[in-house]
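What follows is each chain in one-letter form.
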Amino acid sequence: QVHLVESGGGLVQAGGSLRLSCAASGNIFSITLMAWYRQAPGKQRDLVAHITASGTTNYADSAKGRFTISRDNAKSTLSLQMNALKPEDTAVYFCYVRTWTSRWSDYWGQGTQVTVSS
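Attention here is on the structure that accompanies the text. Here the structure is a predicted model, which means the values were calculated and not measured.

Conventions used here
Here the residue index of a chain counts from 1 through its sequence in written order. Whole-chain, interface and lining totals are the exception, using all residues; otherwise, since this is a predicted model, local features are given only for residues with pLDDT of at least 70 and side-chain atom pairs are given and counted only at 80 or more. The side-chain quantities take in all heavy atoms of the structure and omit both hydrogens and water. Should a side-chain nitrogen of Lys or Arg be within 4 Å of a carboxyl oxygen of Asp or Glu, the pair is scored as a salt bridge. Elements are defined by DSSP. Helices are runs of H or I of four residues or more, strands are runs of E of two residues or more, and each kind is numbered from the N terminus. Exposure is judged per residue with a 1.4 Å probe applied to protein chains only, and the accessible area is read against the type maximum: over 50% gives exposed, under 20% gives buried, and values in between give partly exposed. Pairs of residues are marked as contacts when any of their non-hydrogen atoms sit within 4.5 Å. Pairing between strands is defined by DSSP: at least two bridges between the two strands are required. Simply put, an axis is a line fit to the C-alpha atoms, just over the touching stretch for a helix, and the angle between two N-to-C directions goes from 0 to 180 degrees. Take the buried residues of types Ala, Val, Leu, Ile, Met, Phe, Trp, Tyr and Cys, join any two whose side-chain atoms come within 4.5 Å, and each joined set is a nonpolar core.

## Notes on the pattern of salt bridges
Part 1 of the argument: Using the criterion set out here, one finds 4 salt bridges in the structure.
Part 2 of the argument: In this structure, the salt-bridge partner of R38 is D89, at a minimum N-O distance of 2.9 Å. Of this pair, R38 sits in strand β4 (residues 31-39) while D89 sits in the loop between β8 (77-82) and β9 (91-100), and the two are 51 residues apart along the sequence. Comparing R38 with D89, the two get one shared label, buried.
Part 3 of the argument: Close ionic contact of K64 with D61 constitutes a salt bridge, the shortest N to O distance being 3.1 Å.
Part 4 of the argument: Owing to a relative accessible area of 66%, D61 belongs among the exposed residues under this scheme.
Part 5 of the argument: Sharing partners across several salt bridges, the network here consists of R38, R66 and D89.

## Here's the deal with the side chain of S76
Part 1 of the argument: Position of S76 relative to the elements: it lies in the loop between β7 (67-72) and β8.
Part 2 of the argument: Apart from residues lying up to four places away in sequence, S76 is in contact with C22, A23, A24 and I28.

## A short note on the sheet that holds strand β1 (residues 2-7)
Part 1 of the argument: Read from one edge of the open sheet, 4 strands run β1-β3-β8-β7, paired in antiparallel fashion. Looking along the sheet, the strands with just one partner apiece sit at the ends: β1 and β7. Strand after strand, the sheet turns through a mean of 15 degrees between neighbouring axes, direction not considered.
Part 2 of the argument: Relative to strand β3 (residues 18-26), β1 runs antiparallel, the two being bridged by 6 bridges. When the sheet's bridge partners are listed, S7 is paired in β3 with S21.

## What to know about the nonpolar core
Part 1 of the argument: Judged by nonpolar contacts, the single largest core of 28 residues is most densely connected at W36, L80, M82 and Y93.
Part 2 of the argument: Looking at this core, the elements with two or more residues in it are β1, β3, β4, β5 (45-51), β7, β8, β9 and β11 (112-117).

## Observations concerning the pairing of β8
Where a strand is regular, its side chains alternate between the two sheet faces.
Part 1 of the argument: Sheet topology note: the β3/β8 ladder contains 6 bridges and is antiparallel. Bridging across to β8, C22 finds its partner in L78.
Part 2 of the argument: Where β7 lies against β8, 6 bridges are found, and the strand directions are antiparallel. Each bridged residue has a counterpart across the sheet, and for I69 the counterpart in β8 is L80.

See the structure below:
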C-alpha cells in the first residue's frame, strides 16, 4: 500500500506560477512510475506529465515548455513546477504512482485544486 498526499494548489493569476508537491508513504520501494493528472469540471482526468524511476519524463502537449515534473526518490516526493499558468490549467491535480510487488498496482492522491484567474 502507498499513501499519497498532495499540496501546493491554490489561486493564481494568469501568467503566474505554482509548485505542486506529492509526498508518498508506505511501501515506497515498490514505486515505479510517478505522474500528475488533472481533471477540470465536467471533463475526464488527463495526464499532465509522468516520470519513470530512472528519470525519463513525458509531458502532455499542453504542459510542454511550461511545466516541469521531478521526483526525489530518497524523499519519496513528486513535484510539478507550473509556470506561465493559463485559465485553462484550472483543474484538480492528482498525484499518481504505479507500484510493483508481485503485481502492478495504481494509487491516487486526494487531489489539490489549482485555479488560474484571467
